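Fold and contact review
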Protein chains: 2
Amino acid sequence: MTSRPPKPGALILAGGRGERFWPWSTPARPKQLLPLARDGRTLLAATFARSLRFTTADRVVVMTAESLVEACRRECPGAIVVGEPVMRNTAPAIAAAAAFFEDDAAFAVLPSDHAIDDEDAFAADLARAIGIASREAVLVTFGILPTAPETSFGYVRRGAALAERLHRVAQFTEKPDLERATAWVASGEYAWNSGMFVWTRRAFLAALEAGRPAIAAALKALRFAPGQERAFEQALRDVFPALEAVSVDYAVLEGAPNVVVIDASFDWDDMGSWGAWARRQPRDAQGNVTWGDAIAVECEGCIVVGDGVLAAPLRLKDMVVVATPRGVLACRIEDSEQVRKVSEAVRAWSHR
Amino acid sequence: MTSRPPKPGALILAGGRGERFWPWSTPARPKQLLPLARDGRTLLAATFARSLRFTTADRVVVMTAESLVEACRRECPGAIVVGEPVMRNTAPAIAAAAAFFEDDAAFAVLPSDHAIDDEDAFAADLARAIGIASREAVLVTFGILPTAPETSFGYVRRGAALAERLHRVAQFTEKPDLERATAWVASGEYAWNSGMFVWTRRAFLAALEAGRPAIAAALKALRFAPGQERAFEQALRDVFPALEAVSVDYAVLEGAPNVVVIDASFDWDDMGSWGAWARRQPRDAQGNVTWGDAIAVECEGCIVVGDGVLAAPLRLKDMVVVATPRGVLACRIEDSEQVRKVSEAVRAWSHR
C-alpha cells in the first residue's frame with residue numbers, strides 16, 4: 001500500500017525592506033505591502049492569491065519581520081504568519097518555516113515582491129514542479145527566459161536536458177556585469193533566477209545540512225502547527241540571533257548537485273524599481289503612468305504618483321515624481337534602480 | 001517766502017497673486033509674502049525696508065487684497081495698509097493710494113515682488129528721483145540696463161538726454177519677442193522697465209486725467225489719513241468695482257509726454273520664476289540651491305525646496321523640485337517661467 005503524499009504548501013518570504021520604492025515604501029509599509037500589482041492589490045496579496053492556485057490558506061506560511069506580522073495577516077487571511085525576531089536573510093527564514101511542513105510535503109518558496117500576471121501559466125508550472133519535487137529528491141527552481149541583459153538579476157546556467165522545459169542546473173551565478181549578461185543572454189544557455197523554489201522539507205534540509213550544517217542543526221528539531229505561531233516565535237528568539245545571515249541561493253543552491261530548473265511559461269519581474277512597476281501599468285495617451293493625486297502637465301513617458309500630496313510635474317520626459325507626506329522623489333526612470341541612495345541619504349539627513 | 005515741499009512717501013503695490021511660485025505660493029501667501037529675498041526676508045518686508053531709506057513708516061501706503069491686509073501689516077509695521085475690495089490692476093490702485101498724499105508730495109510707487117540687493121544705490125537713485133519729481137511736473141521711471149534679451153519684461157526706449165543717466169522717455173513697449181528683444185538690447189537705446197515710478201500726486205492725477213479720465217473722476221475727491229484706513233476701504237467698495245482694470249503703464253505712462261527715465265545704478269529683478277529666485281541664492285559645490293527640508297542627491301545646478309515635506313531628487317541636472325503639503329512641482333529650470341500652467345491645471349483638477 002502506497003501512502004498518498006501530504007498536500008503541498010507555500011512559504012511566502014515577506015521580510016524585505018524595499019527601499020527602492022522610497023518614499024512610497026517605509027519601514028512600516030515596505031514594497032510587498034504597497035499596491036504595486038497590476039490590479040491595485042499589494043504584491044503580497046497577489047502572491048498569496050497565486051499560492052491559493054496550488055494549496056489552501058491553512059498551508060501557507062508567511063515569514064516576515066515581527067513589526068509587519070499584523071499587516072501581513074490582513075493581506076493573507078487564513079495564512080500562518082510568523083514574525084522573525086531578527087532578519088537573517090532567506091536561508092534561516094526558509095529553514096524555520098520548514099518546521100511547519102511534513103517531511104514529505106512539497107512546498108513552494110515564493111518571494112512576496114514579484115510581479116506575475118499570467119496566473120494560469122504560473123499555476124500549471126507550479127503543479128508540475130510540485131509533482132517533480134514530490135517524486136524525486138530534487139530542488140526545483142524556475143528559470144525566466146531573459147528578454148534583456150539585466151544586471152540586477154542572478155542567472156541560472158542550464159545543464160543536461162531532462163524533459164521538455166526541464167534541465168539540470170549547471171551553475172547558479174551572481175548578478176553579472178553588462179558584458180557578461182549580454183554574452184549569457186546571447187548564448188541561450190542562461191535563464192534569470194526567479195528566486196522561487198519547490199522542494200520537500202526532507203530534500204531541503206538535506207541540502208541545508210550539506211551547505212550550512214550550523215543553520216540546519218539549530219532549526220531542524222523545531223516543529224509547529226496552526227495556532228502555535230507565537231510559541232514558535234518565542235523559540236526562534238532563542239536561536240535566530242546567533243544564525244548566519246545568508247541567502248538560500250548562496251548557502252544551499254549554489255553547492256547542491258540535485259537542482260533542476262523549469263523554463264517558466266509565465267511572465268515575471270522582481271519589481272525592483274519604479275521603472276519596473278510602470279512597465280506593467282496602463283499609460284495615458286502621452287505614455288504617462290499616473291497614480292493617486294497626480295497631474296502630468298505636458299509630460300511624456302513619466303511616472304507620477306501622489307499619495308497624500310499632489311504631484312504636478314511640468315514638461316518632463318521619462319522621469320519619476322513620487323509625492324508623499326514623508327518625502328518627494330524626482331529622478332530619471334533610468335536612474336530608478338538607484339533610489340536606495342536616496343533612502344540612505346534621507347536616513348543620514350534625519351539623524352543629522 | 002518759499003514753502004518747504006511735503007515729505008516724500010512710498011506706495012507699495014502688494015496685491016499680486018504670484019502663481020509662478022506654485023506650490024510655495026498660495027492665494028493666502030502669494031509671492032510677495034514668501035521668504036524669497038536674499039537675506040531670507042519676504043519680498044514685501046525687503047521692499048518696505050528699502051522704502052525706509054527715503055521716508056518713514058507712517059508715510060508708506062501698502063495697497064493689497066483685502067484677504068492679505070493682516071499679513072501685509074505684519075511685514076510692514078507702522079505702514080498704512082489698505083485692502084482693495086476687488087483687484088483692478090495698478091492704475092486704480094495707485095489712484096486710490098494717492099488719496100493719502102498731499103498734492104505736492106512726491107511718492108515712489110514700488111512693486112512688492114522685486115529683488116534689489118544694493119540698497120545704497122537704490123536709496124541714492126530714489127533721492128535723485130524724488131528731487132526731480134518735486135521740482136518739475138514730470139513722471140520719473142527707472143530703466144534697468146539690460147543684461148540679456150529678456151522677453152518677460154517691458155522695455156523703455158530712451159529719448160533726449162537731460163542730464164547724466166537721465167533721459168526723456170521716447171516710448172514704452174510691451175514685452176517683445178526674442179528677435180526684437182535682441183535688437184533692442186544691441187541698440188543700446190532700450191532699458192528694462194522696472195515698474196517703479198516717482199511723481200507727485202498732482203503730476204500723477206494730471207496724467208491719469210489725460211489717460212483715463214473715468215478712473216481719475218471716480219477717485220480724485222477721496223482723501224484719507226492715518227487711522228482712517230477702514231473708512232477709506234468702505235469708500236473704495238462703492239467705487240472700485242465699476243473701474244476699468246488697467247495697468248498704470250498702459251493707462252498713464254504710454255500716453256504721457258512728460259516721462260523721464262533714470263538709468264538705475266542698482267541691481268534689479270522682478271523675481272518672476274524659480275530660476276530668477278535661484279540666481280540670487282547661495283549655491284553648494286555642485287551648484288544646487290537648497291532651502292528647508294531638501295537633499296540634492298548627486299544633483300547639479302538644481303533648485304530644491306522643501307517646506308513641510310522633504311524634497312529629495314536623485315541625479316538631476318538644472319531642475320526645480322519644490323515640495324509642500326499642498327503639492328509638488330518638478331520641472332526644468334528653463335521651464336520655470338511656465339509654472340502658471342501648473343497652478344491652472346491644479347485649479348481645474350481641484351474642481352473636477
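Residues numbered from 1 in each chain as written. Chains lettered and ligands numbered in written order. Predicted model: local features only at pLDDT ≥ 70, side-chain atom pairs only at ≥ 80, totals over all residues.

Each helix and strand counted, chain A has eleven helices and 13 strands in total. Taking 2.2 N^0.38 as the reference for a compact globule, 352 residues should give roughly 20 Å; the C-alpha atoms of chain A span a radius of gyration of 21 Å, in line with that estimate. Referenced to the eigenvectors of the C-alpha coordinate spread, the extents of chain A come out at roughly 70 × 50 × 35 Å. (Helix = DSSP H or I, 4+ residues; strand = E, 2+ residues; numbered from the N terminus. Rg over C-alpha atoms; globule rule 2.2 N^0.38 Å.)

This part is about helix H11 (residues 340–350) of chain B. Side chains three or four residues apart in an α-helix point the same way, a direct result of the helix having 3.6 residues per turn. Listed in full, the buried residues belonging to H11(B) are B:Val342, B:Ser343 and B:Val346. End-on, the buried residues of H11(B) take up no more than an arc of 95°, which puts them together on one face. Exposed residues on H11(B) whose side chains face more than 90 degrees from its buried face are B:Arg347 and B:Ala348. Along its buried surface, H11(B) packs onto strand S11 (303–313) of chain A together with strand S13 (327–332) of chain B. (Buried ≥ 20, exposed ≤ 12 C-beta atoms within 10 Å, placed from the backbone. Arc of directions from axis to C-beta. Contact = placed C-beta atoms within 7 Å.)

With that settled, the discussion passes to the pairing of strand S8 (residues 190–200) of chain A. Residue and element names in this part refer to chain A. Counting buried positions over the eleven residues of S8 gives eleven, a clear majority of the element. In terms of strand pairing, strand S4 (residues 106–111) meets S8 through four bridges, oriented antiparallel. Considered in S8, the bridge of Ala108 is made with Val198. Pairing geometry for strand S5 (residues 139–144) and S8, over four bridges, is antiparallel. From the neighbouring strand, Ile144 faces S8, where its bridge partner is Trp192. As paired elements, strand S6 (residues 155–163) and S8 share three bridges and run antiparallel to each other. Within the sheet, the bridge partner assigned to Val156 lies in S8 and is Ala191. (Pairing = 2+ DSSP bridges.)

It is worth spelling out the interface of chain A and chain B at this point. When the parts come together, some accessible area is lost, and that loss is often what is quoted as the size of the interface. Every contact between the two is made by 27 residues of chain A and, on the other side, 27 residues of chain B. Breaking the side of chain A that touches chain B down by element, the ones donating at least two residues are S11, strand S12 (319–324), strand S13 (327–332) and helix H11 (340–350) of chain A. Among the elements that take part in the side of chain A that touches chain B, S13(A) stands out by supplying six residues, more than any other. A breakdown of the residues in the side of chain A that touches chain B according to their chemical character gives 21 nonpolar, two polar and four charged. The pairing of S11(A) with S13(B) spans three bridges and is parallel. Paired with A:Ala312 across the bridge in S13(B) is B:Leu329. (Nonpolar A, V, L, I, M, F, W, Y, C, P; charged D, E, K, R; others polar.)

Residues A:Leu11, A:Val62, A:Val328, B:Val62 and B:Val328 are the most contacted members of the largest nonpolar core, which totals 258 residues. Contacts of A:Leu11, omitting those with residues within four sequence positions, involve A:Val61, A:Met63, A:Ile94, A:Ala97, A:Phe107, A:Ala108, A:Val109 and A:Leu110. (Core = buried A, V, L, I, M, F, W, Y, C linked by C-beta atoms within 7 Å.)

The next subject is the relation of the copies chain A and chain B. With an RMSD of 0.1 Å, the operation that places chain A on chain B is a rotation of 180° combined with a shift of 0.0 Å along the axis. Viewed as a symmetry operation, the transformation between the two copies matches a two-fold axis. It is A:Pro325 whose C-alpha, among those of chain A, lies nearest the rotation axis, at 3.3 Å. Both copies share a contact surface, since 100% of the interface residues of chain A are interface residues in chain B too. (Least-squares fit on C-alpha atoms with pLDDT ≥ 70 in both.)

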